[in-house]
Structures are given as C-alpha cells and as structure tokens.
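Inside the fold
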Amino acid sequence: MFAYVAEENVLKKIEVKSPSLKDDEVRIDVYYSGVNRPDLLQKEGLYLPPKGVTPILGLEVAGIVKEVGQNCSKFSEGDHVCALLSGGGYAGEVAVFEDHVLPIPKNLSLYEASGILEVFATVWLNLIHYGQLKFGESCFIHAGGSGIAMAAIQVAKWVGADIVTATRSERKAEIALQYGADTVLDYRFDDLVKWTEKEYPDGFDVILDILGGEYFAKNLEMLGFGGRHLSIAFLTGAVASVKIPVLMQKSLHLMGSLLRPRTWEEKARLLGEVHTNLWPAFSAKEIKVEIDKLFPFEQLEDAFAYMKASEHCGKIILDHGKND
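Below: a short report on this structure.

The rules behind these values
Residues numbered from 1 in each chain as written. Predicted model: local features only at pLDDT ≥ 70, side-chain atom pairs only at ≥ 80, totals over all residues. Heavy atoms only, no water. 1 Å grid on protein atoms, 1.4 Å probe; cavity = no way out; pocket = protein on both sides within 12 Å on 5 of 7 lines; lining within 4 Å. Points joined across faces, edges and corners; volume = space filled by probe spheres on them. Helix = DSSP H or I, 4+ residues; strand = E, 2+ residues; numbered from the N terminus. Nonpolar A, V, L, I, M, F, W, Y, C, P; charged D, E, K, R; others polar. Buried < 20%, exposed > 50% of the residue type's maximum accessible area, 1.4 Å probe, protein only. Pairing = 2+ DSSP bridges. Right-handed = clockwise from strand over helix to strand, strands pointing away. Arc of directions from axis to C-beta. Contact = heavy atoms within 4.5 Å. Polar contact = N/O pair within 3.5 Å; in protein donor to acceptor, adjacent residues only side chain to side chain. Salt bridge = Lys/Arg side-chain N within 4 Å of Asp/Glu carboxyl O. Axes fitted to C-alpha atoms, helices over the stretch in contact; angles between N-to-C directions. Phe/Tyr/Trp six-rings, centres within 6.5 Å; stacked < 30°, edge-to-face > 60°.

In this section: the layout of surface pockets. Size it by volume and the second largest pocket reaches roughly 670 Å³. In this structure, the second largest pocket is lined by 29 residues; those nearest its centre are Glu25, Thr54, Ser86, Gly87 and Ala95. Every element with two or more residues in the lining of the second largest pocket is listed here: β6 (93–97) and α9 (264–283). At five residues, β6 tops the list of elements feeding residues into the lining of the second largest pocket. Here the lining of the second largest pocket is built from residues that sort into 14 nonpolar, eight polar and seven charged.

Quick look at the structure:
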C-alpha cells in the first residue's frame with residue numbers, strides 16, 4: 001500500500017507494508033483521512049511526532065474494520081468506524097488501539113465521520129476539561145472559520161454558552177452564525193478589546209485561542225475575573241508579551257494543551273466522553289461536521305497548500321477512492 005511521509009519539507013509517497021496487528025488493536029481499511037494543521041506543521045519540520053510514533057502523516061481516519069486483535073470485543077470485521085491516531089492516517093490501512101476507535105454516528109457517512117475526532121476531541125479536552133465552560137457563561141473563540149472553531153462553536157452552544165468569534169471573511173462569518181455563534185467580529189475592522197469593554201463589560205469567561213502572538217495580550221484584557229485562557233495553537237506567533245498585574249488582578253487561569261502526545265489511557269477516556277456526550281447530538285444532526293473541500297488522496301500537496309492559504313472554512317478531507 002502507499003503512504004505519505006515528509007522529509008525536509010518535501011512530501012514523499014512511499015510503498016509500505018500493512019501495519020502489524022497487536023492483540024488490542026483493530027485494522028482499518030482507510031476510506032477517508034482528515035487533514036489537520038499538525039500534519040502540515042510536521043511536513044514543515046515544525047511538529048515532530050512523539051517518540052515511537054510512525055513517521056507516516058495523518059491523525060484521523062474513517063473506514064471499515066478489516067481485522068480485529070484477539071483481545072478486542074467492541075468491533076467486528078465490516079464495522080464502519082472512525083479513529084483518532086498519533087500518526088499513520090495517510091495510508092491505505094491503519095492498526096489502532098480499540099479504545100481509540102468509535103463507531104460512525106447514526107445518520108453520518110464515512111466521509112463526514114472522517115472529520116470528527118481530531119477537532120472535537122481537542123475542543124472537548126479544552127472547553128470542557130480545562131475551560132470548565134458552563135451554561136450561561138460567555139466564550140470567545142478565535143479564527144471563526146477554522147475546523148476547530150466550527151467544532152468549538154457547536155460544543156459551546158451544546159453547553160449553553162454565549163458565543164462570540166471573529167474572522168476576516170464574510171463567507172466564514174455567515175457559516176459561523178449558522179453553526180451557532182451569537183456574534184461574529186471582523187479582525188480587519190473591529191477592535192476586539194474595545195468591543196468587549198462595551199458589549200461584555202464583565203469580560204469573557206473563556207477564550208479559546210489558536211492565534212497566539214499579539215492576540216495573547218489582547219485576550220487577557222478581554223477576560224473577566226477568574227477567566228480561563230486556553231492556548232491550543234499559535235498561528236500568528238509563538239511569543240507574547242504579558243502584563244503580569246493583569247493576571248493577578250483578574251485571577252486569570254492560563255492553560256495550554258496538545259492532544260497528540262497524551263497517553264493511551266487519557267485518549268481512551270477522552271474519546272469515551274466524546275462518544276457518550278456528542279454522538280447522540282451527531283446522530284440527531286444537532287451537531288455537524290463542516291467539510292470545506294475533498295481532495296483525492298494523490299493530491300495531498302494541494303490539500304496542504306489550500307490549508308496553508310487559510311481559504312478553508314471547516315475540514316479538509318482526503319478521499320482514498322474506495323467508493324463507500
């Protein structure tokens with residue numbers, strides 16, 4: 001089978017053997033792979049895989065179970081599933097710990113399910129575990145057109161929070177409103193701090209930030225007393241200048257996280273919570289996956305270029321051409 005690796009910022013399509021199967025793993029015939037920014041960063045040499053993880057790119061897939069290990073009991077050959085990976089998703093098959101695999105939600109296709117786990121697990125980890133977002137609270141979500149934001153807006157709405165986001169695109173703003181944002185600001189024209197002082201004088205309870213850089217200090221100004229700041233990426237810069245008295249006066253909580261390097265047990269618990277809480281909402285079409293564009297598996301380079309240009313609104317998916 002073929003798979004994608006990256007060396008010195010160059011994608012390479014290589015032929016590899018099917019991965020060996022352990023007793024607690026299932027083998028999945030991959031039909032679709034989700035494209036995520038960590039894949040692009042790994043290709044550029046900016047995000048190395050954890051020790052012991054395959055160099056093959058790809059963090060989430062959807063497909064059909066081809067084989068199960070002798071200690072597995074949740075799935076059988078032929079089941080339609082999606083899976084969260086530490087790597088290996090840009091290949092024809094993957095072998096995955098059974099507890100990192102979930103059934104496809106009712107009423108969803110393999111295509112739709114291939115874009116669920118990376119973003120929704122990340123959002124659940126941050127908004128619910130770390131951010132402790134609650135009904136009636138306010139939440140500011142940066143980069144309103146991103147796949148993360150589309151998921152975060154819906155999870156925040158599911159909680160019952162008041163949601164504000166921002167983008168530079170009118171198209172993305174319209175979609176963010178459709179998915180549940182109460183207000184969408186425009187980075188080009190709106191002063192986020194001044195707007196917050198006027199419209200949310202007590203500040204936001206939670207801010208989910210993928211931008212970093214100059215926005216980090218602005219976020220702290222926008223948070224209210226006891227506010228929680230969640231850093232999950234730094235697309236505009238990895239270094240920020242912070243006024244320490246602001247942290248102290250507001251009793252702010254600054255948190256950051258990565259999903260990929262977490263332990264097997266942590267990911268299993270997290271996916272269990274996502275399954276229990278969000279799968280019914282997916283099945284009822286109360287929560288959806290916004291898929292912007294589908295690329296053939298052979299056009300991964302084009303998919304990365306599209307992601308890097310930030311033209312997408314929602315998820316980018318690779319189609320392995322297996323006609324589900």
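Time to look at the pairing of strand β11 (residues 204–209). Extensive coverage of β11 is indicated by the burial of five of its six residues. Relative to β11, strand β8 (residues 138–141) is paired through three bridges, and the arrangement is parallel. Paired with phenylalanine 140 across the two strands is isoleucine 207, which belongs to β11. Note: β11 against strand β12 (residues 223–231), five bridges, orientation parallel. Its bridge partner lying in β12, aspartate 209 is registered against serine 231. Chirality of the crossover, the property in question, places the unit of β11, helix α7 (residues 214–222) and β12 among those that are right-handed.

Right, let's talk about helix α10 (residues 300–308) for a bit. Where α10 is concerned, the buried positions are Leu300, Ala303, Phe304, Tyr306 and Met307. The arc that holds the buried residues of α10, viewed along the axis, is 160°, so those residues lie on one side. Of the surrounding elements, those touching the buried residues of α10 are β1 (2–7), β2 (10–15), β3 (25–35), α1 (37–43), β14 (291–296) and β15 (315–319). Phi turns positive one or two residues past the end of α10, at serine 310, with a value near 55°.

Before going further, it helps to spend a moment on the side chain of arginine 228. Mapped onto the fold, arginine 228 is located in strand β12. Judged by its relative accessible area of 11%, arginine 228 falls in the buried class. Among the polar contacts made by the side chain of arginine 228, one reaches the side chain of glutamate 137 at a distance of 2.8 Å. The residues contacting arginine 228, other than those within four sequence positions of it, are Gly131, Gln132, Leu133, Lys134, Glu137, Asp205, Val206, Ile207, Leu223, His253 and Met255.

Moving on, we come to the pattern of salt bridges. Counting across every chain of the model gives 15 salt bridges. Linking glutamate 93 and lysine 66 is a salt bridge whose minimum nitrogen-to-oxygen distance equals 2.4 Å. Note that glutamate 93 is positioned in strand β6 and lysine 66 in strand β4 (residues 60–68), a separation of 27 residues in sequence. By relative accessible area, lysine 66 is classed as partly exposed at 44%. Two residues, arginine 262 and glutamate 266, come together in a salt bridge whose shortest N-O distance is 3.6 Å. Within the structure, one salt-bridge network assembled from shared partners comprises Arg27, Lys66, Glu67 and Glu93.

Next up on the list: unusual backbone geometry. The general pattern is negative phi for most residues beyond glycine and trans for most peptide bonds. The phi torsion at asparagine 107 lies on the positive side, around 75°, for a residue other than glycine. As for its placement among the helices and strands, asparagine 107 is situated in the loop between β7 (101–103) and α2 (110–113). Among the residues examined, asparagine 107 registers a relative accessible area of 57% and is labelled exposed. The phi dihedral of serine 310 falls on the positive side, at around 55°, and the residue is not glycine. Structurally, serine 310 can be placed in the loop between α10 and β15.

What follows deals with the sheet that holds strand β9 (residues 162–167). Within the open sheet, the six strands sit side by side as β10-β9-β8-β11-β12-β13. Their pairing is parallel. Lying at the two open borders of the sheet, with one neighbouring strand each, are β10 (183–186) and β13 (253–256). Ignoring which end each strand starts from, the neighbouring axes of this sheet average 20° apart. Packing against the sheet, helix α6 (residues 192–199) makes contact with β8, β9, β10 and β11, and its axis sits at approximately 145° to β10.

Attention shifts here to the side chain of serine 283. Looking at the secondary structure, you find serine 283 in helix α9. Here serine 283 is in contact with Pro105, Lys106 and Asn107, once residues within four sequence places are set aside.

This paragraph deals with the packing of aromatic side chains. Throughout the structure, instances matching the rule amount to twelve aromatic pairs. Centroid distance tryptophan 195 to tyrosine 200: 5.7 Å. Interplanar angle 35°. Geometry classified as tilted. Take tryptophan 195 and tyrosine 200: they sit in the same class, and that class is buried. Pairing tryptophan 279 with phenylalanine 282 gives two aromatic rings, centres 5.6 Å apart and planes at 80°, and the pair type is edge-to-face. One end of the pair, tryptophan 279, and the other, phenylalanine 282, are both in helix α9, three residues apart, so they sit about a helical turn from each other.

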